[in-house]
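The residues making up each chain are set out below.
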Amino acid sequence: MADEKEPRLTHLAADGSAVMVDVGDKADTVRVAEAEGHVRMQPETLKLILAGNMKKGDVIGAARIAGIMAAKQTANLIPLCHPLALTKVSVEIESDDALPGLRVRTLAKLTGKTGVEMEALTAASVTCLTIYDMAKAVDRGMEIGGIRVLAKSGGKSGDWALNAKG
């Protein structure tokens, strides 16, 4: 039997089969997670998006809504995630001439028994995918990257931030 302090994968049973973690006995706490991602593109594509001149319409507005909707659907997309009653999802999209492209930052929040990292990551991923979808007609070489959790708070494991943990 493994030492309880030893890191282990929580979605694996002793026999190695996949399981959904039982969170029934956990305390309800406020839980927040932030994630990010980016879409690198040609400078001309970024200019078209920012000017609102894409054929499919408002890229940033549509991507923001898609990210929010995706966070709410995480349990339908990721097999062992719990369905969660999110109390807040936000999606920020900013242009970055240095990429060049768009940077995405998401936040998911609830009061509950399990964390919201997957919801924040799903929001960031789908936001980036939507940007790609809406701009691919003019730039099929766009690159999606940098999808990662930036910070989480709440729950038994406490707070964690990328800048503090690398």
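Above: the structure in question.
This structure is a prediction, so every number in the text was calculated from the model and none was measured.

### Let's talk about the pairing of strand 1 (residues 29-40)
Now for step 1: Pairing of strand 1 with strand 3 (residues 101-112), which is carried by twelve bridges, proceeds in the antiparallel orientation. Across the sheet, the residue bridging to Thr29 is Gly112, located in strand 3.
Now for step 2: Where strand 1 meets strand 4 (residues 143-153), eight bridges bridge the pair, whose relative direction is antiparallel. Within strand 4, the position partnered with Arg40 by the bridge is Glu143.

### Some words on the environment of Val59
Now for step 1: If you trace the backbone, Val59 turns up in helix 2 (residues 59-72).
Now for step 2: A relative accessible area of 1% means that Val59 is categorised as buried.
Now for step 3: Sequence separation of Val59 and Met134 is 75 residues, and the distance between their C-alpha atoms is 6.1 Å.
Now for step 4: When sequence neighbours within four positions are dropped, the list of residues in contact with Val59 reads Ile49, Met54, Ile131 and Met134.

### Here's the deal with the sheet that holds strand 1
Now for step 1: Taken together, the five strands give an open sheet; going across it, the order is 2-3-1-4-5, and neighbouring strands pair in antiparallel fashion. Looking at strand neighbours, the two that pair on one side only are strand 2 (88-96) and strand 5 (160-161), the edges of this open sheet.
Now for step 2: Here strand 2 runs beside strand 3; their pairing, made up of nine bridges, is antiparallel. Residue Glu92 lies in a different strand from strand 3, and its bridge partner there is Arg105.
Now for step 3: Contacting strand 2 and strand 3, helix 1 (residues 43-51) crosses the sheet at an angle of about 55 degrees to strand 3.

### So, the environment of Gly154
Now for step 1: For Gly154, the location among the structural elements is in the loop between strand 4 and strand 5.
Now for step 2: On the accessibility criterion, Gly154 (15% relative accessible area) is buried.
Now for step 3: Sequence separation of Gly154 and Ala137 is 17 residues, and the distance between their C-alpha atoms is 42 Å.
Now for step 4: The contacts of Gly154, once residues within four sequence positions are left out, are Thr29, Val30, Arg31 and Asp159.

### Section: the nonpolar core
Now for step 1: Ranked by size, the top nonpolar core spans 26 residues in total, and within it Met41, Ile49, Ile93, Leu102, Val104 and Ile131 carry the most contacts.
Now for step 2: Of all the elements in the fold, those that place two or more residues in this core are strand 1, helix 1, helix 2, strand 2, strand 3 and helix 4 (117-135).
Now for step 3: Element by element, the count of residues in this core is highest for helix 4, at seven residues.
Now for step 4: Those residues in contact with Val104, other than ones at most four positions away along the chain, are Ala35, Glu36, Gly37, Val91, Glu92, Ile93, Ala124, Thr127, Cys128 and Ile131.

Reading the values: rules and limits
Residues numbered from 1 in each chain as written. Predicted model: local features only at pLDDT ≥ 70, side-chain atom pairs only at ≥ 80, totals over all residues. Heavy atoms only, no water. Pairing = 2+ DSSP bridges. Helix = DSSP H or I, 4+ residues; strand = E, 2+ residues; numbered from the N terminus. Buried < 20%, exposed > 50% of the residue type's maximum accessible area, 1.4 Å probe, protein only. Contact = heavy atoms within 4.5 Å. Axes fitted to C-alpha atoms, helices over the stretch in contact; angles between N-to-C directions. Core = buried A, V, L, I, M, F, W, Y, C linked by side-chain atoms within 4.5 Å.

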